[in-house]
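# Working through the structure, step by step
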Amino acid sequence: MMDKRQPQSQVPIIGSPDHRITRSFKTKPALVAYVTCGDPDIATTREIVLAACRAGAGIIELGVPFSDPVADGPVIQRASERALKQGTSLEDVLRLAADVRKETDAGLIVFTYLNPVLRFGLEHFCAQAAKAGVDGALITDLTVEESSEYRRVMAEHNLDTVFLAAPTSTDQRLKAIAAACKGFVYAVSRTGITGTQKQVAADVEALVKRIRKFSKLPVAVGFGISNAHQFAEVGRFADGVVVGSAIVQLIEQNPGNEASAVERFVRSLKAGVSSVGASQS
């Protein structure tokens, strides 16, 4: 495999072999932070995203609010409801991405359900996402088996396609998911909906090992990680850790101070890895 790395001082172009998503995993574990865009409003979301980036988030998942978020638990469902009351649309999310891109070189992934993309138009979505400086997308309810056209158009615009891999997936299906992913593979720590959990599922490490049999891409684990201990625990065996509901809940609980609360929380997650590493050395 050719080494096409660029000098640190040079900002890579969108879609280059060493683009933002790839570089975010060079410091492990990478922190992938999810936010529901438009909760409580787009202007505040912008400040939250930039605060998370300052605190060490390498990738931001820009959640598109949806009226029927079947994969999400009550925390993110409430956030979607609040954002939809603000009138937040996919177009608003892409406009936010373009604005944020002026301020940060973190990876940006649009996290959405399929319906908003179909209504927007697949080609139009990919073109506008690339123009905004987005690095890829994760469409939660789009199966690998039905994704060929989506992957083709995304590839034409140099955008990564991230798919979910579950503990219940067979090896045959994991192989198909791995082949369809670009950027990284999202390993779901457990079956069911999103939401904070008291402990990390016991079989998630085995899932990461299974995925690595079929892919050399980084593997990020999500669904349920909510504190520094869990972040460090998963960071031992995964390349990245996705934190979503815990961040969205902080936003809900800190009206008027959302960005500062998220920044403190993200810093605490990163610090937790450092302290665990020091205690084990």
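Residues numbered from 1 in each chain as written. Predicted model: local features only at pLDDT ≥ 70, side-chain atom pairs only at ≥ 80, totals over all residues. Heavy atoms only, no water.

### Overview of the environment of R46
Test applied: Secondary structure follows DSSP: runs of H or I at least 4 residues long count as helices, runs of E at least 2 residues long count as strands, and numbering of each begins at the N terminus. Residues count as neighbours in contact if any of their non-hydrogen atoms are within 4.5 Å of one another. Polar contacts, as counted here, are pairs of nitrogen or oxygen atoms within 3.5 Å of one another; within protein the pair requires one atom able to donate a hydrogen and one able to accept it, and residues that are adjacent in sequence qualify only if both atoms are side-chain atoms.
If you trace the backbone, R46 turns up in helix α2 (residues 42–55). Remark: the alpha-carbon pair of R46 and L96, spanning 50 residues in sequence, is separated by 6.8 Å. Excluding residues that lie within four positions of it along the chain, R46 makes contacts with L96, D99, V100 and E103. A polar side-chain atom of R46 sits 2.7 Å from a polar atom in the side chain of E47.

### Considerations on the environment of D41
Among the structural elements, D41 can be located in the loop between β1 (30–36) and α2. Sequence separation between D41 and L84 is 43 residues; the distance between their C-alpha atoms is 9.7 Å.

### Things to note about the pairing of strand β9 (residues 240–243)
Put simply, the rule reads: Throughout this description, buried means an accessible area under 20% of the type-specific maximum (1.4 Å probe, protein chains only), exposed means over 50%, and partly exposed covers the range between. A pair of strands is treated as paired once DSSP finds two or more bridges between them. By convention, orient the strands away from the viewer: a clockwise path from the first strand over the helix to the second makes the crossover right-handed.
The alternating pattern of β9 places G240 and V242 on one face and V241 and V243 on the opposite face, and all of these are buried. Looking at chain direction, strand β8 (residues 219–222) and β9 are connected through two bridges and run parallel. Counterpart to A220 in the pairing with β9 is G240. A crossover links β8 with its parallel partner β9, the connecting element being helix α10 (residues 228–235), and its sense is right-handed.

### Some words on the pairing of strand β7 (residues 185–188)
In β7, alternate side chains face the same way, and those of V185 and A187 on one face and Y186 and V188 on the other are all buried. Sheet topology places strand β6 (residues 164–165) next to β7; two bridges connect them, and they run parallel. Counterpart to L164 in the pairing with β7 is Y186. For the handedness criterion, the β-α-β arrangement of β6, helix α8 (residues 171–180) and β7 is classed as right-handed. Two strands pair when backbone bridges link them, and β7 and β8 are joined in this way by four bridges, in the parallel orientation. In the sheet register, V185 faces β8, and the bridge partner there is V219.

### Overview of the packing of aromatic side chains
The line we're drawing: Geometry of aromatic contacts follows a simple scheme: Phe, Tyr and Trp rings, the Trp one being its six-membered ring, pair when their centres are within 6.5 Å, and the pair is stacked under 30 degrees between planes, edge-to-face over 60, tilted otherwise.
According to the stated counting rule, one finds five aromatic pairs in the structure shown. Arranged with centres 5.1 Å apart and planes meeting at 25 degrees, the rings of F66 and Y113 form a pair that is stacked. Residue F66 is located in the loop between β2 (59–63) and α3 (74–85), and its partner Y113 is located in the loop between β3 (107–112) and α5 (114–120); the two are separated by 47 residues in the primary sequence. Ring centres of Y186 and F223 lie 6.1 Å apart, and the angle between their planes is 85 degrees; on these two criteria the pair is classed as edge-to-face. Of the two residues, Y186 is situated in strand β7 and F223 in the loop between β8 and α10; the sequence distance between them amounts to 37 residues. In this pair, the class of Y186 matches that of F223, namely buried.

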